[in-house]
Amino acid sequence: MDVTQIAQLLNQTLSPDGNVVRTSTEALDRLSSLPHFPFALLSIATEGQNQGQRIAASTYLKNFARRNIEVHDGSPSKISKEFKAQLMRTLLQAESSVLKVLVEAFRIIVVAEFVKQNSWPELVPELRSAIQSSNVISNGTNCEWSTINTLTVLHALVRPFQYFLNPKVAKEPVPVQLELIAKEILAPLLTVFHHLVEKAIATHGRKELETEKILLLICKCLYFAGWRLVSPHFSFLLESAILPVLMLNEKDILEWEEDTEEYIRKNLPSELEEISGWREDLFTARKSAINLLGVISMSKGPPIGSSNNGSSASSKRKKGEKNKKNNQRSIGELLVLPCLSKFPIPSDATAYDPRILKDYFGVLMAYGGLQDFLGELKPACTTTLVHTRVLPLFSLSFCPPYLVAAASWVLGELASCLPEEMSADIYSSLLKALAMPDKEYTSCYPVRVAAAGAIAGLLENEYLPPEWLPLLQVVISRIGNEDEENIILFQLLNSVVETGNENIIIHIPHIISSLVDVISKSIHPSLEPWPHVVERGFEALAVMAQSWENFMLEELEQIDSNEKHASGQAAITRALSALLQQAWLTIPLEAETSPPSSCIDHSSALLRSIILSVSGSNVIVELKLSELLLVWADLISDWHAWEESADMSVFDCIREAVSLHSKYGLENFIVRQIPPAPAPPVPQRSIIEAISAFVSEAILQYPSATWRACSCVHMLLHVPNYSCETEGVQLSLAVVFSRAAFSRFKGVRSKPCSLWKPLLLAIASCYFYYPDTVEAILEKEEDGGFATWVSALAFVCTRSSEIDLSAKSEIKLMVMTLVKMIERLLGVGIPSGGLLRDCFTSLIETSIQLKELDEEMEDEQNDEEYEDDDTNDGDDEEEIQDDDEESESEHEETEEEFLERYAQAASALENGVIEEGDAEDQDLEIELGTLEQVDEQRIVLSLIGRYHHVLIQGQALSTRLISSFINAFPDSSSFFQQYMEASL
């Protein structure tokens, strides 16, 4: 085979010309069937002319392996021994950029050959030999193999065993291949690990990147392989390898001073940060050592070497009940805690001793990895440890910031196992850290970030502070100082508000007012995007406004709560209105430039909160609600950043805006007034017209918003009171909505699905008011478009359809639309035919369904009234029963139960059974406005009475269906008498 030709083709795959890339790829695909093709790729990956060519060869080999190597248990190997040997040699010599790609091809082959079939017997001995003779481990200057390469290969080898092999088996024995790797490679590697740690310490903080990377790789390999397989060496590993990696070094201090974000990312990860530190690409040797120490501490009893004993850890137990069935003590008790206790905690007398400080930093890092182990101990053990080994650091007259940061991080990591009686001391310490100012030459930003992350972790674990106001005051006082810190503080504030519930409600009006003052200082209406403090501030305000609304809805029945609600709501409303006015109304409404579209989702939530507080027309004027709604509607009309979590608040605000207009009437809502001179008398969009642009775009562009958008269609058409002067606006809405809904329907009509219902009903609401116009639009969109819509509508109405019309408002709209449709078909001279028959049959079916639903609702109402009569007698018994049920529901899932559930889920996933997501939007009721008062039974019977001879004669109607209709509506029997007699 001509290797030069393949190399040239690989070069061409890097061309910017798409045609050249396609041609060269097709040529390579043809050559790939030749037996020596993969050998040629390995040769080029090693000896290619340039790095791009070598990476291209590695990439093609990786893709080639994916396509051609099947992973099946028991199937014969199709990979030659010669190729595997050459692949290993290439891996051990490759440059890092090539190795990164090529190791993926190796992993595919490992899974197929070694993991699934255990058919690569020479792999482990050859890799062990390569590691032993690699450059760093053998200290040879002319070594053929790279230590980093050999360990990268080892990591790829053990990684498939991270979760063993068969997720469908709840308790799986340790694979024999993994035991072999542990015995032949991992156990001897511990001694190497110790020597490398000593070497790293001896460099006194200098950046020895090669050594650091090797340490990281070894930790990863040990972590993925499982602690129990190397547990006989725990003592040596802990004292000589793990703890030295955890200690503070000069590099850490330098990173704190020059790159605090990087320091936080590596050493103080939390859920509050943009990068939490838990992603694999952020693993460090220190983080890997912490994880490994956590696994070591949970191990129990003497060293275990049998595969039958390595399958799972002990199940979860309630605190204070550990070891009832097993007297074995954990390695954490026997070794880890005693070893850590040897290091003295810094005091005022030793606060400047660098050795003590650096060692104790490592101790704190170690404590941070013991949360699972400490959770197994009695609460008193954790109380003693935290009181004697962590909290004293916060009370020293001088304590280096890096120790305070580490101590704060530890408290957050141990959140799940902290006793409640320590709450006051812990929060007091963390608030000191959260408020710690920068020193003269040292930033304390990492300290504050660590404290914020710790508090968020405590709140997430329902470990609550004894007092909430001091925490809120510290957070608010720090906001606005630095952009990076604002992000953390706002996330913490959201956590406090969401967790605090009724405990912080009393403080929300004051906190909102204070926060608005901070945000308003950073708002610049012409600047887009807004600064972080503004964006995050709007988000926090939205969270607080929602919490206030949720809580007060539950308390409105109490008189004292009503008074508290009124004063608090007034303060909140004034502050939010002032903020939105500053953001949106500073630019004149007639100006060509618009306010920035930043924070539309959270702004919508704030605007909705203001709307909900309105109690009269005077309040609308005072809060400038019409002006705010006008700007907001223009902003959302041009908004295209579709995201489910974001657009929800926009739709909620639309609903409340329409409701507000129906109560009080809003200026510029349906028709926008022409601006006074000297502005040009150019008509501009009203509030409802701008909203309709947003809704129609949602229907067209965002499938997840279809239900909510179609719900708005009904609301915007039916709820406002359109006069003769404003009827043109309603017509324009019907045009826009019907066109958007039918265009979207065309994209999903190939097979009935849940989206059919909202789209077809949206068109129905438009058709009800303007049948001629909507019919013309549908025909313009597609030849026969009107018939297509009618047929789909008729299909939805059938009982056998999987698309269910369940809500009364849906069925009522359908009935009224079908009546309108039949009248129109008869009016244009279509007395018979499939279209008319389908419409009439659908009308009969939906009328019966609506009558049945009315009867069911009446029965339910009678049952509820009967049950209410007996409610008082059974209250006490129900309360006792509820308490019992609640206690029974507090069952903590054990590890065995989790594994069994996980195995069942894996089996379901393998069989293609995937649960669908939440369908709350599909339960949205259609708002029909004044149409709710229409007597649908009267209009149906009126239609049949006027046209029954035309509707019945010549139509192949079901006698069963007609009988059901007569049973539901006895007054209609005379209309069908002749038809029923002829059918007998």
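Given the structure is predicted, the values throughout are model-derived calculations rather than measurements. (Residues numbered from 1 in each chain as written. Predicted model: local features only at pLDDT ≥ 70, side-chain atom pairs only at ≥ 80, totals over all residues. Heavy atoms only, no water.)

## A few points about the overall build of the chain
Just so we agree on the cut-off: We count a stretch as a helix when DSSP gives it H or I for four or more residues in a row; a strand needs E for two or more, and each element gets its number in order from the N terminus. Burial classes: relative accessible area under 20% of the type maximum marks a residue as buried, over 50% as exposed, and values in between as partly exposed (1.4 Å probe, protein chains only). Throughout, a contact is declared for two residues whenever any of their heavy atoms are within 4.5 Å. To measure how exposed things are, a 1.4 Å probe is used in the Shrake-Rupley method; for residues, cover is taken only from the protein chains shown.
Scanning the chain from terminus to terminus reveals 45 helices and zero strands. Taking all 984 residues of the chain together, the buried fraction comes to 51%. Contacts spanning at least 24 positions in sequence make up 74% of the contacts within the chain whose residues lie at least 6 apart. Element-wise, carbon and sulfur atoms account for 50% of the exposed surface of the chain, whose accessible area totals about 46,100 Å².

## Regarding helix α6 (residues 96-115)
For the record, the criterion: For a residue, the bend is simply the angle between two axes, fitted respectively to the seven-residue segment ending there and the seven-residue segment starting there.
Along α6, the largest kink reaches about 30° and is centred on Ile109. Buried residues dominate α6, accounting for 14 of its 20 residues.

## With respect to unusual backbone geometry
The backbone phi angle of Glu462 is positive, close to 60°, even though this residue is not glycine. Counting through the fold element by element, Glu462 comes out in the loop between α22 (445-460) and α23 (469-478). The class for Glu462 is exposed, based on a relative accessible area of 70%. In this structure, Asn668 takes a positive phi of about 70° despite not being glycine.

## Thoughts on the pattern of salt bridges
Heads up, the condition is: The working definition used for a salt bridge is a side-chain nitrogen of Lys or Arg within 4 Å of a carboxyl oxygen of Asp or Glu.
Taken as a whole and assessed by the stated rule, the structure comprises 28 salt bridges. In this structure, the salt-bridge partner of Arg107 is Glu104, at a minimum N-O distance of 3.9 Å. Taken together, the residues Arg107 and Glu104, both in helix α6 and three residues apart, mark about one turn of the helix. Here Glu104 falls in the partly exposed class, since its relative accessible area comes to 26%. Three or more residues joined by partner-sharing salt bridges are found here, namely Glu255, Glu262, Arg265 and Lys266.

## Looking at the environment of Ser235
Along the chain, Ser235 falls in helix α12 (residues 234-246). Residues Ser235 and Val336, spaced 101 residues apart in sequence, show a C-alpha to C-alpha distance of 8.9 Å.

## As for the nonpolar core
Using the following cut-off: The set of buried Ala, Val, Leu, Ile, Met, Phe, Trp, Tyr and Cys residues whose side-chain atoms join them within 4.5 Å is what this entry labels a nonpolar core. Per the annotation, domain bounds derive from an automatic or database assignment of domains.
Ranked by size, the top nonpolar core spans 321 residues in total, and within it Leu154 and Trp789 carry the most contacts. Counting contributing residues per domain, this core is built from domain 1 (1-120) and domain 2 (234-302 + 328-466), each supplying no fewer than three. With residues near it in sequence (within four places) discarded, Leu154 still touches Leu127, Ile131, Ile181, Ile185, Leu186, Leu189 and Cys221.

## Considering the side chain of Thr147
So the rule is basically this: Pairs of N or O atoms within 3.5 Å make up the polar contacts considered here, provided that, within protein, one atom can donate a hydrogen while the other can accept it, and that residues adjacent in sequence are counted only when both atoms are side-chain atoms.
Mapped onto the elements, Thr147 comes out in helix α9 (residues 147-158). At 2.9 Å, the side chain of Thr147 forms a polar contact with the backbone nitrogen of Val136. Not counting residues up to four positions away in its chain, the partners in contact with Thr147 are Ser134, Asn135, Val136, Ile137 and Ile214.

## A few points about the packing of α9 against helix α11 (residues 209-225)
For the record, the criterion: Interaxial angle, 0 to 180 degrees, is taken between N-to-C directions of lines fitted to C-alpha atoms, where a helix line uses only the stretch in contact. Here roughly perpendicular refers to angles of 65 to 115 degrees, roughly parallel to angles under 35, roughly antiparallel to angles over 145, and oblique to all remaining angles. Crossing chirality is assigned from the near helix's rotation relative to the far helix, an anticlockwise turn below a right angle marking it left-handed and a clockwise turn marking it right-handed. Throughout this entry, Asp, Glu, Lys and Arg are counted as charged residues, while Ala, Val, Leu, Ile, Met, Phe, Trp, Tyr, Cys and Pro are counted as nonpolar. The remaining residues, Gly among them, count as polar.
Two elements in contact, α9 and α11, have axes separated by 9 Å at closest approach and are oriented at 20°. If you check the angle between α9 and α11, you find them roughly parallel. In this structure, the crossing between α9 and α11 has a hand that is left-handed. For the pair α9 and α11, contact is made by Thr147, Ile148, Leu151, Thr152, Leu154, His155 and Val158 and by Glu210, Lys213, Ile214, Leu217, Ile218, Lys220, Cys221 and Phe224, respectively. Of the residues in the contact of α9 with α11, the class split is nine nonpolar, three polar and three charged.

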